[in-house]
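Here is what each chain is made of, one letter per residue.
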Amino acid sequence: MSKAAQLAALIGSGQAQGNKNLIINGAMQVAQRGTSATASGYGSVDRFRSEFSGVSVTQSQESLSSGGPYDSGFRYFLRATNTSASSATSAFLQMYQYIEAQNISISGWKANSSSSFINYSFWVRSSLAGTYFINLRSLDGTSQNFSSPVVLEAATWKKVSLSIPGNSGITIATDNGQGLFIGIVPHYGTDYTTSGHTADAWAAYSGTDITPDYSQSWTNTASATFDITGVQLEVGDVATPFEHESYAA
């Protein structure tokens, strides 16, 4: 069955509608802490952490007035701006969200089965062309790690959809703890990467082997920017239309 036919079947069955998105505030509408911050971690857009070290970054909620995301109904995005270039091997920036374990465990995704999938989709743009990586990490039991490449042209929005299988090593508790780390990584220095890392496969988490090496260095590019919006995580191997919700929801 084609991807289009699968999507049509999901929508027709109702499986692709209503509370399907495991990400909270994926449209970047809510920024209760403020629209701009220079601290690492939670600082601007709610639920999303822009975590960095070895480099100075400003994280901010920005408005959209045109482009692909705008045409898809998005009016805001989360931006990271590099305010000090760094060539340190320990420098990194990761933009991510923690998914509560019980939200994963009751979602319908059989996390420990390689024949069960979740789909991670988002809009992304970087001022610096190159190959970036998404990163998923289970946080219960023996932590498991998954990375996948995202190739970007400079200053060009791209819609990304990645289908991710489960794995027998994954454990997800049914509690309110952190169950899954999921995000996109503008840069990891070589302290956290290896040239021999296997992408698109689960493996036991190692802090020195999270992704392959980066061929470009966002953290060593002064004034570089990195933007994300329309972030959705849903059960199944097909990206369905983004679940837009009102600010009050």
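Definitions and limits used
Residues numbered from 1 in each chain as written. Predicted model: local features only at pLDDT ≥ 70, side-chain atom pairs only at ≥ 80, totals over all residues. Heavy atoms only, no water. Helix = DSSP H or I, 4+ residues; strand = E, 2+ residues; numbered from the N terminus. Rg over C-alpha atoms; globule rule 2.2 N^0.38 Å. Buried < 20%, exposed > 50% of the residue type's maximum accessible area, 1.4 Å probe, protein only. Contact = heavy atoms within 4.5 Å. Areas by Shrake-Rupley, 256 points an atom, 1.4 Å probe, with all protein chains shown as cover. Lys, Arg positive; Asp, Glu negative; His and termini not counted. Charge placed at Lys NZ, Arg CZ, Asp CG, Glu CD. Phe/Tyr/Trp six-rings, centres within 6.5 Å; stacked < 30°, edge-to-face > 60°. Lys NZ or Arg CZ within 6 Å of the ring centre and 35° of its normal. Polar contact = N/O pair within 3.5 Å; in protein donor to acceptor, adjacent residues only side chain to side chain. pLDDT = per-residue confidence, 0-100.

Caption draft 1: Quick peek at the overall build of the chain. Across its full length, the chain holds three helices and 14 strands. For 249 residues, the compact-globule formula gives about 18 Å, and the C-alpha radius of gyration of the chain, at 17 Å, lands near that figure. Each principal axis of the C-alpha distribution contributes one length, and for the chain these read about 50 × 40 × 35 Å. Counting over 249 residues, the chain shows a buried share of 49%. Considering only contacts within the chain whose residues lie at least 6 apart along the sequence, 74% involve residues at least 24 apart. Carbon and sulfur atoms form 47% of the exposed surface of the chain, whose accessible area is close to 10,600 Å². Between the mean site of the 12 positive side-chain charges and the mean site of the 17 negative ones, the chain shows a separation of 5 Å.

Caption draft 2: Fine view of the packing of aromatic side chains. Counted by the stated rule, this structure contains twelve aromatic pairs. These aromatic residues form a ring-pair network of at least three members: Phe-92, Tyr-188 and Tyr-192. A cation over an aromatic ring shows up here: Arg-75 above the ring of Tyr-70, its NZ or CZ 3.6 Å from the ring centre. The cationic tip of Arg-137 hangs over the ring face of Phe-181; the distance from NZ or CZ to the ring centre is 4.3 Å.

Caption draft 3: Structural view of the side chain of Asn-119. Inspection of the secondary structure puts Asn-119 in strand β6 (residues 117-126). In terms of polar contacts, Asn-119 uses its side chain to reach the backbone carbonyl oxygen of Leu-162, at 3.4 Å. Contacts of Asn-119, omitting those with residues within four sequence positions, involve Ser-161, Leu-162, Ser-163, Gln-232, Leu-233, Glu-234, Gly-236, Asp-237, Val-238 and Ala-239.

Caption draft 4: Just the environment of His-197, in detail. Of note, His-197 is situated in the loop between β11 (193-194) and β12 (203-204). Non-local contacts of His-197, meaning those with residues more than four positions away in its chain, are made with Asn-145, Ser-147, Asp-209, Ile-210, Thr-211 and Pro-212.

Caption draft 5: Spotlight on the confidence of the model for the chain. Mean pLDDT for the chain: 93, with 92% of residues reaching 70 or above. Scored below 50 in pLDDT, residues 3-17 makes 17 contacts in the model with residues more than four places away or belonging to other chains.

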